[in-house]
Amino acid sequence: MMSVPGYENKVEFGTMFTFAYTVEGHDSEVAVSTTRPETMLGDVAVAVHPDDPRYQAFHGQWCRHPFTNRLLPIITDTMVDMELGTGAVKVTPAHDFVDLHLSQRHSLPRPSVIRGDGTMEPICGQWLEGMKRFDARQVVVDALAEKKLFRGKKHHVMTLPVCSRSGDIIEPLLKKQWFVRCNTMAMKAIQAVEEGQLEIIPHHYTKTWKNWLSNISDWCISRQLWWGHQIPAYQLDLPNSKTKEEWVWGRSEKEARQRAAVKYGVNPDDITLRQDPDVLDTWFSSALFPFAMLGWPEKTSDLHHFYPNSVLETGSDLIFFWVARMVMLGSELTGQLPFKQVLFHSLVRDKYGRKMSKSLGNVIDPLDVIHGVSLKRLQEKVKEGNLDLREQQVAMEAQRKDYPNGIPQCGTDALRFALCSHKIQGGDISLSVSQVLGCRHFCNKMWQTLRFTLGVFGDSATPVGTLEEFCVRKWNREQQGIIGTRTTPLNSMERWICSRLYSTIVQCEQAFEAYELHIVTSALYSFWVHNLCDVYLEYVKAVLLNQNEGTEVATDHRSTTKQAASTVLYHCVSLSLALLSPFMPFITEELWQRLQPFRPEALAQTSLCLQPYPQSTRLTHWYFPEEEKDFLLVQDVIRIARSLRTQCGLTKEKPVLWAVCSPSQAQTLLRFGSAVLNLSRISNLEIFCPDLACPLPSVHSTPPPTGCFIGVVDHTCQLHLHIQSGVDIDKQIRHLSQRRDKLLPKLEENLCRLQSSNNLTKTPPQIRQRLQSKVSALKEELKTIEDQMRLLQKKHSMG
């Protein structure tokens, strides 16, 4: 029982009623079951399955309707479910979707017995005419019982369609509608994709596209709503007309009147027109958008210049509702596809992967994320909505769980960057506010970077130099002239950071071309945080603030080195802001404007959004692949050195670090010596090469002292941290023991992979080689750990 608008008493649902039809000319009956007995006044047939043995004798017979006295044929159809109810079903085409299809296949009439206002039609008889449908339900059941045709009722699980706005029960009604025949247009849309005129991204949606359009039905474009584009069809009332309905179309009533006058040869003033009150399906109106917004059907200049478009970006759930219909109508009405590419993005769900729903309380309002909102206000918004009390409680409890302190203010740029950080061509996006908050912290990082950069220039109004002023010039010996004044920063670190920026630009260009925005955002975040801030800024602090006396540039050139470093820093920050601008237009504009007083050349445009986007083709001279490759070793050395400092509990002390490595690794460490010193926080870097045949400058011929703390970089490189005293030996032994326990399972796993039969036959040689190197490094590190533990235990026993 449930309440229904317009009824004083609750209405019974979820009940299967069974009643009988008597078979004409036989002393027999056919029992049928239904959840809506009031519709039996519109029955036109009884259907049974052709293989049902219970009704074999009744095929082709007739039943007598107890109230209308009509004869109803007993038809056979495989659509009938023999296990449901009695196995025989009443056919009411005007009030059931399945029955409508049955009537079309068997050429049955389709009388309607329920009006649009929910009351019974006159065809039902005076005893029911004008009665509300659910009131009529009980009256019909009682009348069947009076005629001794009612066979009982029982509980039945069913799906009940309820209007989300009115709360009323939706009643299927048969109404005249306007349809669009889609077969020919659909075939053209399929052909456009197959011939490459239209590209769908991701490409796996191409199969979905073809399957749906290959099985398309006529499109009903009539909607009984109060808003929308009213259908431009007019019904005619002609003088002395014997036909029931005549229709004409027109962009206006005047045009429709003229068409009718010409078509029927009558005076326009004698014609009475009534426009169809229905409106066009929203998706029909939306399908006209690509060209209608440009002035179509007029041949406007906007239509000429901007149609067809290049790419449509939309949600994958609209592939049928909108995209296919835009393609069909665009091709049919303009002769051209509305766009060349379709990019489908994923659906945004909550952090648990659920679809956002008001009743679940998991809807994330973008404005709340941008400006921030308290829990109290979130719950007030739930109460202001149209949810019932039970749904309100569920939604508010979910909000208390997910946002106990409300939603913090994150800003527009952080929200946009967070959304673009997800793979839009994959599965659905599970968005959480914590991810957006992480992007806000990235914005703070950008502010801090710019603050440091501006601090380098101070109050100076002198523009920063161009990188071409600090370049290495290559000379042509034959002509004794400069063959190229290329931007080649002086030292290894400047070459590395410029090369990393160039590689980031290349990565962004490739990802933009493939519409992989998450790769672009990942590359930009990685460069700004991990390369620019974590490495280069920490390195140049000593150079720019004159805190390091051991730079790789001679003292008399230190001023030039500082100027070159500040120039590189300026251009890295400025170009990075330009790269981030499409994702974070507000903060990048603000920060970029603050850099403009130091710009080396005159401004062509006054806004970052008007500047040309950075292009790799203009910066190929910034690419130094050897520096990028070699710096991977330097980063590993710095990471292991910092780990050794942490193990030893060092904070301010700067010990001596020894590197036992190969000659090629020694040369790399010497080139990046100042970076190792500054970033590892050591006083000196000593290098020893056990396999060195000829001595190299700054390379020791004797090994590091005994008693050092050892870290393994790879199977050819070890670090020895030399500390005189003040180390907690027990703590070191525990740390080494924990490290050993972590490495042993990794070694066993990699050995199993290396020794498996598939590894020898299916694994590519380069991958097998990397696996072997990893195993060697793990073995070497475990051996080093064992040696260190024995040494520490010996020291502990002696102390």
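A short tour of the structure in this document, coming up.

Conventions we followed
- Residues numbered from 1 in each chain as written.
- Predicted model: local features only at pLDDT ≥ 70, side-chain atom pairs only at ≥ 80, totals over all residues.
- Heavy atoms only, no water.
- Helix = DSSP H or I, 4+ residues; strand = E, 2+ residues; numbered from the N terminus.
- Rg over C-alpha atoms; globule rule 2.2 N^0.38 Å.
- Buried < 20%, exposed > 50% of the residue type's maximum accessible area, 1.4 Å probe, protein only.
- Contact = heavy atoms within 4.5 Å.
- Pairing = 2+ DSSP bridges.
- Axes fitted to C-alpha atoms, helices over the stretch in contact; angles between N-to-C directions.
- Arc of directions from axis to C-beta.
- Patch = residues over 30% accessible without salt bridge, like charges linked within 9 Å, V, L, I, M, F, W, Y side chains within 5 Å.
- Areas by Shrake-Rupley, 256 points an atom, 1.4 Å probe, with all protein chains shown as cover.
- Salt bridge = Lys/Arg side-chain N within 4 Å of Asp/Glu carboxyl O.
- Lys, Arg positive; Asp, Glu negative; His and termini not counted.
- Polar contact = N/O pair within 3.5 Å; in protein donor to acceptor, adjacent residues only side chain to side chain.

## What to know about the overall build of the protein
For the protein, the count of helices and strands is 24 helices and 26 strands. For a compact globule of 799 residues, the expected C-alpha radius of gyration is about 28 Å, and the protein comes in at 40 Å, more than 25% above that figure. Taken over 799 residues, the protein has a buried fraction of 45%. Contacts spanning at least 24 positions in sequence make up 70% of the contacts within the protein whose residues lie at least 6 apart.

## Re the sheet that holds strand 9 (residues 199–201)
If you walk across this open sheet you meet the 3 strands as 9-17-16, and the pairing is parallel. This sheet does not close on itself; its edge strands, each paired only once, are strand 9 and strand 16 (311–315). Ignoring which end each strand starts from, the neighbouring axes of this sheet average 20 degrees apart. Sheet topology places strand 16 next to strand 17 (residues 341–345); 5 bridges connect them, and they run parallel. Residue T314 lies in a different strand from strand 17, and its bridge partner there is F344.

## Comments concerning helix 11 (residues 375–384)
Those residues of helix 11 that sit buried are L375, L378, Q379 and V382. Mapping the buried residues of helix 11 onto a view down its axis gives an arc of 90 degrees, with all of them on the same face. Facing away from the buried surface of helix 11 by more than 90 degrees, the exposed residues are K376, K383 and E384. The inward-facing, buried residues of helix 11 abut helix 10 (366–371) and helix 12 (389–402).

## Overview of a nonpolar patch on the surface
On the surface, a cluster of nonpolar side chains totalling about 460 Å² of accessible area is made up of L225, W226 and W227. With relative accessibility at 52%, the residue W227 sits in the exposed group.

## What about the side chain of R325?
Topologically, R325 is positioned in helix 9 (residues 319–334). Put simply, R325 is tucked away with no salt bridge, and the nearest opposite charge, on D281, sits 4.1 Å away. Polar side-chain contacts of R325 include one of 3.3 Å to the backbone oxygen of F321. Contact partners of R325, with chain neighbours within four places excluded, come to W219, D281, W283, A287 and F320.

## A few points about the pairing of strand 1 (residues 15–23)
A large share of strand 1 lies buried, amounting to 8 of its 9 residues. Pairing of strand 1 with strand 7 (residues 150–155) involves 5 bridges; the strand directions are antiparallel. Opposite M16, over in strand 7, you have K154 as the bridge partner. Across 6 bridges, strand 1 lies against strand 2 (residues 29–34) in antiparallel orientation. Looking at the pairing, Y21 lines up with V30 of strand 2. The turn linking strand 1 back onto strand 2 is made up of 5 residues, and G25 within it adopts a positive phi angle of 80 degrees.

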